[in-house]
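Breakdown of the fold
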Amino acid sequence: MQAHTTTGDYRESTKATVRLVLWTLAWTATLALAKFGPGLLWDPQLPVASWAAVAVNLAVGIGWIVAFTRFLQRVDELQRKVMQEALAISLGAGWVGGFAYVVADTAGLITYDVNTAVLPALLGVVFLIAFAAGMIRYR
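Analysis parameters
Residues numbered from 1 in each chain as written. Predicted model: local features only at pLDDT ≥ 70, side-chain atom pairs only at ≥ 80, totals over all residues. Heavy atoms only, no water. Core = buried A, V, L, I, M, F, W, Y, C linked by side-chain atoms within 4.5 Å. Buried < 20%, exposed > 50% of the residue type's maximum accessible area, 1.4 Å probe, protein only. Helix = DSSP H or I, 4+ residues; strand = E, 2+ residues; numbered from the N terminus. Contact = heavy atoms within 4.5 Å. Patch = residues over 30% accessible without salt bridge, like charges linked within 9 Å, V, L, I, M, F, W, Y side chains within 5 Å. Areas by Shrake-Rupley, 256 points an atom, 1.4 Å probe, with all protein chains shown as cover. Salt bridge = Lys/Arg side-chain N within 4 Å of Asp/Glu carboxyl O. Lys, Arg positive; Asp, Glu negative; His and termini not counted. Polar contact = N/O pair within 3.5 Å; in protein donor to acceptor, adjacent residues only side chain to side chain. Phe/Tyr/Trp six-rings, centres within 6.5 Å; stacked < 30°, edge-to-face > 60°.

Here we look at the nonpolar core
Counting eleven residues, the largest nonpolar core consists of Ala16, Leu20, Ala67, Phe68, Phe71, Leu72, Val75, Met83, Ala86, Phe127 and Ala130. Going through the elements one at a time, helix H1 (7–40), helix H2 (47–74), helix H3 (77–106) and helix H4 (118–137) are the ones with two or more residues in this core. Those residues in contact with Ala130 that lie beyond four places of it in its chain are Ala86 and Ile89.

Remarks on a nonpolar patch on the surface
On the surface, a cluster of nonpolar side chains totalling about 540 Å² of accessible area is made up of Leu91, Trp95, Val96, Phe99 and Val102. Structurally, Val96 is set in helix H3.

Things to note about the side chain of Asp76
Locating Asp76 in the fold gives a position in the loop between H2 and H3. Buried charge Asp76 goes without a salt bridge, the closest partner of opposite sign being Arg80 at 7.2 Å. At 3.0 Å, the side chain of Asp76 and the backbone nitrogen of Leu78 are in polar contact.

Here we look at the packing of aromatic side chains
All chains considered together, the criterion is met by four aromatic pairs. Arranged with centres 5.9 Å apart and planes meeting at 20°, the rings of Phe127 and Phe131 form a pair that is stacked. Of this pair, Phe127 and Phe131 both sit in helix H4, four residues apart, which is roughly one turn of that helix. Owing to a relative accessible area of 25%, Phe131 belongs among the partly exposed residues under this scheme. Here the aromatic residues Trp64, Phe68 and Phe71 are joined through ring pairs into a cluster of three or more.

Thoughts on the pattern of salt bridges
In total, this model carries three salt bridges according to the counting rule given. Put simply, Lys81 and Glu85 hold a salt bridge, and the shortest N to O gap is 3.2 Å. With Lys81 and Glu85 both in helix H3, this residue pair falls four residues apart, about one helical turn. A relative accessible area of 24% places Glu85 in the partly exposed class. Through salt bridges with shared partners, a single network forms among Lys81, Glu85 and Arg137.

This is how it looks when you write it as C-alpha cells:
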C-alpha cells in the first residue's frame, strides 16, 4: 500500500498534521489557563473569569476535535487504521478501567483517592503503546 499517491495528498496530510498540532497546543494552553489561572492570574473569588476560561477551553476543545477529524480524513488508510485501533483500545481501557475503579471504590475496596490527572495520563500511555504496536504490526 502506497502512503501518498500525489504531492497534493502529502501536502494535505502535512497541513492537517500542522493544524492538529496547533489546535492541540492551543487546547493544552487553555486547559492550563482554566486550571492554574485562578489564584495565579486572577482572584479565585472571581467565578466569571474562571467560567470564561472554562468556556474558552471548551470552545478550543471543539476546534481540536474538528481538527482531529480532518486529520484522520487526510492521512492514508494504513495510518487511519492504526490510529482508529489505538483509539478504540484507549476508549475501551478508559471505560473498563474507569468503571472498575468506580465499582471498587463504591465497594470500599480502595482506601485512597486517585488524582483525576491519572486517567488521562494512563489513557495517553495506553494509546501510545497501542499505536506503536499497530505500526510495528502493519509495517
